Structure formats: structure tokens, C-alpha cells
Amino acid sequence: MSKERHGQGIRCFLAVDISPQIKELVLQVRHKCKGHDLPLRWVNPDGIHLTLKFLGEIDPGLVDRIADTLDRAAPLSSDFTVSFKEVGAFPHARKARVLWLGVDRGREELVALQRKIDHELDLRLKVDREKRPFTPHLTLARMKVPGPMDQLLAAISVETELIRQEMQVHDLRFYKSTLRPAGAEYSVIRTFQFQKSP
């Protein structure tokens, strides 16, 4: 079953929102990078999410079915804490395309949640599972041409207290992404609340 109909569908993804404190952390990391002459294209903090599954362009008729499936599955998860511990680069520091902020506490919960989403959507709607291993992270910046980030990462790594921030995760959000000339715009289709931890 094909999930993408380019030009006809609705571009969607599933994600956990980040708190205002983490958005401030992202701005502080960005400030620390100013002295390094790298052609980084920074992601707007308001557009940064912990993305769990990118669905691509889906048939509009599938939107409600996905939402209803996740509505039934979400109460099976409990809220949890996420903290961040390091800044890294994909695919590697010497020839990087992406600057990211990695997850420390809450990593196992995010991986389990992503697997549950994959399982439910595959089982009930035949939506393809992710082929690559899931690595929870926030994308901070990108480079059009891969380049070295090792000196930048070394400089940020000494700021351990800056990076060690945490937030509470209470829900999962189903987003619609609309591409505009000024950048993507995001709107929430539905929010799925988790159970409160005892």
C-alpha cells in the first residue's frame, strides 16, 4: 500500500513538542556557535520537534484513520521525562550535514513509543515501518554541502551544564506540515494524551 501521492496528499508527521526551556537551550547553543565560520542553516526553534515518525504525503482519507488508531494506542503510554546531554553531527563530525542535540534520559521511552507507533500503524493501516534505526534527537541546523564540525562540537562539549536540561512529555502530536516560500508551517491535527505516571 503506497503512503505517498506527491502533489495530492497532506504532508504529515508524528512528534513530541519541546518545552519553552528547551527552545531557549537551542538558542543558547546557537549563540555558542557564532564564532565558528560554518555555513549553517539554523532551524527556527518554534519549528523544532522530537520527530517520531515522518509519514510523508498521505491521502487525506487516511488522516482520520491514523488519528483514531493513535487515539486508542496513546493511553497505553505513560508520561515521562526527557533530558538532553550532547551536541553531535550526522553522518559524522568530519563531513557533517546535520547538527543535532541528543537525548539522554527518556531515550528508552522514546524508542519504545516510536516502535509502538510503527506497530499500530502497520498492523491496522499497513503504513510502512521505519527502515532505519530510530535515534531520538533534535535537529538544530543543516549544511547544504557536508563539512567538518569537529572543532565546533569540541567547543560546545565543554558547556555540559548548558546542555543538561530536561522536560516532561505528556502527549504525542499529529502534525500537518505546509511548505511555504518562507519555510514550513506546522498545524496540529490531533493531540494524544498519555496516562499520568503514579
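If you're wondering where the values come from, they're calculated on a predicted model, not measured in any experiment.

The rules behind each value
- Residues numbered from 1 in each chain as written.
- Predicted model: local features only at pLDDT ≥ 70, side-chain atom pairs only at ≥ 80, totals over all residues.
- Heavy atoms only, no water.
- Helix = DSSP H or I, 4+ residues; strand = E, 2+ residues; numbered from the N terminus.
- Rg over C-alpha atoms; globule rule 2.2 N^0.38 Å.
- Contact = heavy atoms within 4.5 Å.
- Salt bridge = Lys/Arg side-chain N within 4 Å of Asp/Glu carboxyl O.
- Buried < 20%, exposed > 50% of the residue type's maximum accessible area, 1.4 Å probe, protein only.
- Pairing = 2+ DSSP bridges.
- Axes fitted to C-alpha atoms, helices over the stretch in contact; angles between N-to-C directions.
- Parallel < 35°, antiparallel > 145°, perpendicular 65-115°, else oblique.
- Left-handed = near helix turned anticlockwise from the far one by under 90°.

Turning our attention to the overall build of the protein. Broken down by element type, the protein carries 5 helices and 9 strands. Walking the protein from its N terminus toward its C terminus, one meets helices and strands in the order β-α-β-β-α-β-β-α-β-α-α-β-β-β. In terms of C-alpha radius of gyration, the protein reaches 17 Å, essentially the compact-globule figure of 16 Å for 198 residues. Oriented by its inertia axes, the alpha-carbon framework of the protein measures out at about 50 × 45 × 25 Å. Counted over contacts in the protein with a minimum sequence separation of 6, partners at least 24 positions apart contribute 78%.

On to the pattern of salt bridges, then. Within this structure, the stated rule accounts for 12 salt bridges. Across the salt bridge formed by Asp118 and Lys53, the nearest N and O atoms sit 2.7 Å from each other. In this pair, Asp118 is assigned in helix H3 (residues 107-125) and Lys53 in strand S3 (residues 49-58), connecting sequence segments 65 residues apart. Side by side, Asp118 and Lys53 carry an identical accessibility label, which is buried.

Turning to the sheet that holds strand S4 (residues 80-90), a few remarks are in order. Pairing is antiparallel across the open sheet formed by 5 strands, whose spatial order is S2-S6-S5-S4-S7. Only two strands of the sheet have a single neighbouring strand rather than two, namely strand S2 (41-42) and strand S7 (165-169). As judged from the 5 bridges shared by S4 and S7, these two strands associate in the antiparallel manner. Among the inter-strand pairings, Phe80 is bridged to a residue of S7, identified as Val169.

Turning our attention to the packing of helix H2 (residues 60-73) against H3. Two elements in contact, H2 and H3, have axes separated by 10 Å at closest approach and are oriented at 125°. When the interaxial angle is binned, H2 and H3 end up oblique. Of the two elements, H2 crosses H3, and the hand of that crossing is right-handed. Facing Leu62, Arg65, Ile66, Thr69, Leu70, Arg72 and Ala73 of H2, the residues of H3 in contact are Lys116, Ile117, Glu120, Leu121, Arg124 and Leu125.

We now examine the sheet that holds strand S8 (residues 171-180). Taken in spatial order, the 4 strands line up as S3-S1-S8-S9 in an open sheet, and their pairing is antiparallel. Looking at the sheet topology across the chains shown, the edges are occupied by S3 and strand S9 (183-193). Ignoring strand direction, the axes of neighbouring strands in this sheet form an average angle of 25°. The sheet contact formed by strand S1 (residues 10-17) and S3 spans 8 bridges and is antiparallel. From the neighbouring strand, Arg11 faces S3, where its bridge partner is Glu57. Sitting on the sheet, H2 touches S1, S3, S8 and S9, and the angle it makes with S9 is about 40°.

Here the focus is the environment of Leu70. Structurally, Leu70 can be placed in helix H2. Relative accessible area serves as the criterion here: at 3%, Leu70 is assigned to the buried category. Sequence separation of Leu70 and Val188 is 118 residues, and the distance between their C-alpha atoms is 14 Å. Setting aside its immediate chain neighbours within four residues, Leu70 contacts Leu14, Ile117, Leu121 and Phe192.

Right, let's talk about the side chain of Glu120 for a bit. One can find Glu120 in helix H3. Apart from the residues within four sequence positions on either side, Glu120 is in contact with Thr69, Ala73 and Leu125.

Considering the arrangement of structural elements, one finds Leu101 in strand S5 (residues 96-103). Note: C-alpha distance between Leu101 and Phe84 (17 residues apart in sequence) is 6.8 Å.

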